[in-house]
Amino acid sequence: MIIKTGVVSGTNWSFSDAHIAASINHAVDNGANIILLGMWAVGPVAPAVQTAINDARTADVLVVAPAGMAMLDTTDADPNNWTWGTPGAVGTVTPAAAAGCLSVSGTGFEQIDMDQTPEPPPGYANSILANIGDAWNETASYSYTGGDMAAVGWAVTWAGNFYNAGINVNTSVNASGNVDIAYAAAYVAAAASICYQGLVNANSGTPPPDIDSVIEDILINESLQLPAGERFLAAGSAASVANNGGWDQIIESLDITNYSMSGAVFNAFGNAFLEVGQATDLAASMTSNGGNYEIIVVWGDGEVYPNQPAPPAPPVYQSYTPGFPITHTYTVAGDYRCTIRARETVNDTYDEVSFSVFVYNSLNASLQIKNVDGGTATALVIDEVYQVFSNPAYNPITGNVVTFDWDFNWNGVNANFTVDVANRENPLFSYDTAPGGYSGPINYLDLGPGTYKIGLRVTQTRRPTTYYTIDVTVT
């Protein structure tokens, strides 16, 4: 169904939010299954448009719209001086930013065949083709970002007169001078139509409930993950899923989306670092349209939650609410492999994730001050030199960087810790003023007589920061 909306005035065609809303309502009332809104504008979504889209989704009609694009400024007579504006975000565009509207960004096409002699001057074609050189799997330089998914934002036509030798293949440029991002939305809408028919056929000729949401799930779930996190239309894969009644496969899926351990430090690979005897709460996040979750946690140290019967009895799962903490304590240093096994009972689906847990003895420091004769002291003399020893006790772990910083006049508040001596495990110091021109290893503090709290801050890349103190009197 093709609907013309708006009004014509001379050679110009214009339409308002009221026209768009009326067209959506007309399409729904006359049996549309997929609505493609082939327009966009910067500005908020009008209430009438949002209401019309809400009504469409209530009627199980999917609404698709382009995410918007930058504009090509062609006011200069020399095409070499044409420039593209800065792309924005889909949240600033109507109607794509409306709730319930499937918004579509556009990708580049990487290269074109310039089989011509002579070749165009360097950069000449780039000034006209916004996305030339953009990788096909990245949102093109002209496309607004943040769409629900992306598709190819261009169409191939025969072009002429962009260069006196001619360019054989070019993106379409409309009268206002912008590459038409509506192509991307049209490709997605076409794929949605194919999915609609496939789902109807797989359901004995009857549209399944909430078919608009099912199609949206299929298009997004079957799409390709792009480097920037966006998803690229995979129409063939989506159609295959729909033709095989794939909406059941999506609804029945179970996915452990995240996990955490309280008090642990995680590296970039999702592995945890804990200390011996440190109680930790493991929590897992999971999603499924079925619900009713159960869980087994294999800690890797011989313990299992919940306790399991002896083989050959089947495993026993524990009912689980996503995010609920399960407490465990590793009592022996070592490297362990923790496995979370989840089950969703409505559709009897499963998922499993594993990660390493590195457990080691905690770092403890015992501050001690010695004078030049090797004797220990906390009653210090202003003009004497001393050495403070941190005496750390810990097991070095590969990748765990430990830093020792000192504050010789600390008030005991972590936020007020000021570094007087940085990254020294056993520094030399004196509370006196440094001799003129001195630049040796002794740290002269220039604080004078008084009572002081010496603070040591130990920073570790794989453990929390800890603090240690010793009090001294200086006369």
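Residues numbered from 1 in each chain as written. Predicted model: local features only at pLDDT ≥ 70, side-chain atom pairs only at ≥ 80, totals over all residues. Heavy atoms only, no water.

Draft legend 1. Structural context of the nonpolar core. Ranked by size, the top nonpolar core spans 26 residues in total, and within it Val 64, Val 188, Ile 215, Ile 218 and Leu 219 carry the most contacts. For this core, the elements supplying multiple residues, two or more each, are strand S5 (62–66), strand S9 (101–107), strand S10 (149–152), helix H4 (182–202), helix H5 (211–221) and helix H6 (235–243). It is H4 that contributes the most residues to this core, ten residues altogether. The residues touching Val 64, leaving out its near neighbours within four places in the chain, are Ile 35, Leu 36, Leu 37, Cys 101, Leu 102, Val 104, Ala 185, Val 188 and Ala 189. (Core = buried A, V, L, I, M, F, W, Y, C linked by side-chain atoms within 4.5 Å. Buried < 20%, exposed > 50% of the residue type's maximum accessible area, 1.4 Å probe, protein only. Helix = DSSP H or I, 4+ residues; strand = E, 2+ residues; numbered from the N terminus. Contact = heavy atoms within 4.5 Å.)

Draft legend 2. View of the sheet that holds strand S22 (residues 326–329). Spatially, three strands are ordered S15-S18-S22 in an open sheet, and the strand pairing comes out antiparallel. The open sheet has two free edges, formed respectively by strand S15 (254–261) and S22, since each of these has just one partner strand. Taken pair by pair, the neighbouring strands of this sheet meet at an average axis angle of 30 degrees, ignoring direction. Summarising the sheet, strand S18 (residues 279–288) and S22 pair through four bridges and their orientation is antiparallel. Looking at the pairing, Asp 281 lines up with Thr 327 of S22. (Pairing = 2+ DSSP bridges. Axes fitted to C-alpha atoms, helices over the stretch in contact; angles between N-to-C directions.)

Draft legend 3. View of unusual backbone geometry. With an omega of 5 degrees, the peptide bond between Thr 94 and Pro 95 qualifies as cis. Within the secondary structure layout, Pro 95 lies in the loop between strand S8 (93–94) and S9. Each neighbour pair has its own omega, and for Pro 311 with Pro 312 the value is 10 degrees, a cis peptide bond. Mapped onto the secondary structure, Pro 312 falls in the loop between strand S20 (304–305) and strand S21 (318–320). At Asn 423, a position not held by glycine, the phi torsion is positive, near 55 degrees.

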